[in-house]
Amino acid sequence: MARKSPERMVAEERERVEQRIESLQRHLASIVESAAWTTNDDEHDPEGVTIAYERAQTQGLLSDAKSELEALDHADERLAKGTYGTCENCGKRISQERLAALPAATTCIRCANSRR
Ligand SMILES: [Zn+2]
């Protein structure tokens, strides 16, 4: 079975994250737009609260996606340096399964678990 190259996995993951960022930004823009249509004079307006909540939640997802993108930038640097796939903590190889699920992983599963 042909394995995908790490470069390819990181590039594909980047594409997915970029698409996610784009759709979250569109969603955020539509929330802001619909908020403009609601009269926001009353802070206790239940609709206003829902919008504020949804907006905060979308912003949270957006910042998560952006930090994933940063992690992928970091993965690219590691690919260039030849340290990709090596645990930054203990120096052991990171398993293929883990990298397939999380191409931006910088630590092996053991180190990731012991950090928590
Ligand atoms: Zn490790």
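Residues numbered from 1 in each chain as written. Predicted model: local features only at pLDDT ≥ 70, side-chain atom pairs only at ≥ 80, totals over all residues. Heavy atoms only, no water.

Draft legend 1. Fine view of the overall build of the protein chain. If you tally the helices and strands in the protein chain, you get four helices and zero strands. Mapped in sequence order, the helices and strands of the protein chain form the string α-α-α-α. Across the 116 residues that make up the protein chain, the buried fraction comes to 29%. Considering only contacts within the protein chain whose residues lie at least 6 apart along the sequence, 51% involve residues at least 24 apart. (Helix = DSSP H or I, 4+ residues; strand = E, 2+ residues; numbered from the N terminus. Buried < 20%, exposed > 50% of the residue type's maximum accessible area, 1.4 Å probe, protein only. Contact = heavy atoms within 4.5 Å.)

Draft legend 2. Region of the structure containing the UniProt feature "domain: Zinc finger DksA/TraR C4-type" (unreviewed entry) in the protein chain. Per the UniProt record, "domain: Zinc finger DksA/TraR C4-type" (unreviewed entry) is found at residues 82-114. Between the end C-alpha atoms of residues 82-114 there is a gap of 25 Å, over a span that is 36% helix and 0% strand. (UniProt positions renumbered as here; feature names shortened; annotations may be inferred.)

Draft legend 3. Inspection of the coordination of the zinc ion at higher detail. Taken together, Cys87 (SG), Cys90 (SG), Cys108 (SG) and Cys111 (SG) make up the protein donors of the zinc ion, found 2.2 to 2.3 Å from the metal. Given a relative accessible area of 4%, Cys87 falls into the buried group. (Donors = N, O, S within 2.8 Å, 3.2 Å for Na, K, Ca; no water.)

Draft legend 4. Region of interest: the nonpolar core. Formed by 20 residues in total, the largest nonpolar core has its most connected members in Val10, Val17, Ile21, Leu72, Tyr84 and Leu99. Broken down by secondary-structure element, the contributors of at least two residues to this core are helix 1 (6-37) and helix 2 (46-81). Excluding residues within four positions of it along the chain, Val10 makes contact with Leu72, Ala75, Asp76, Leu79, Tyr84 and Pro103. (Core = buried A, V, L, I, M, F, W, Y, C linked by side-chain atoms within 4.5 Å.)

Draft legend 5. The environment of Glu13, seen in detail. Inspection of the secondary structure assignment puts Glu13 in helix 1. By relative accessible area, Glu13 is classed as buried at 14%. C-alpha separation for the pair Glu13 and Leu102, spaced 89 residues apart in sequence, amounts to 8.5 Å. Once residues within four sequence positions are removed from consideration, Glu13 is found in contact with Glu68, Leu72 and Pro103.

Draft legend 6. Spotlight on the side chain of Arg98. As for its position among the elements, Arg98 is in helix 3 (residues 96-101). For the buried Arg98, no salt bridge is present, and the opposite-charge side chain at shortest range is Glu97, 9.7 Å distant. Setting aside residues no more than four positions away along its own chain, Arg98 makes contact with Ala105, Thr107, Cys108, Ile109 and Ala112. (Lys, Arg positive; Asp, Glu negative; His and termini not counted. Salt bridge = Lys/Arg side-chain N within 4 Å of Asp/Glu carboxyl O.)

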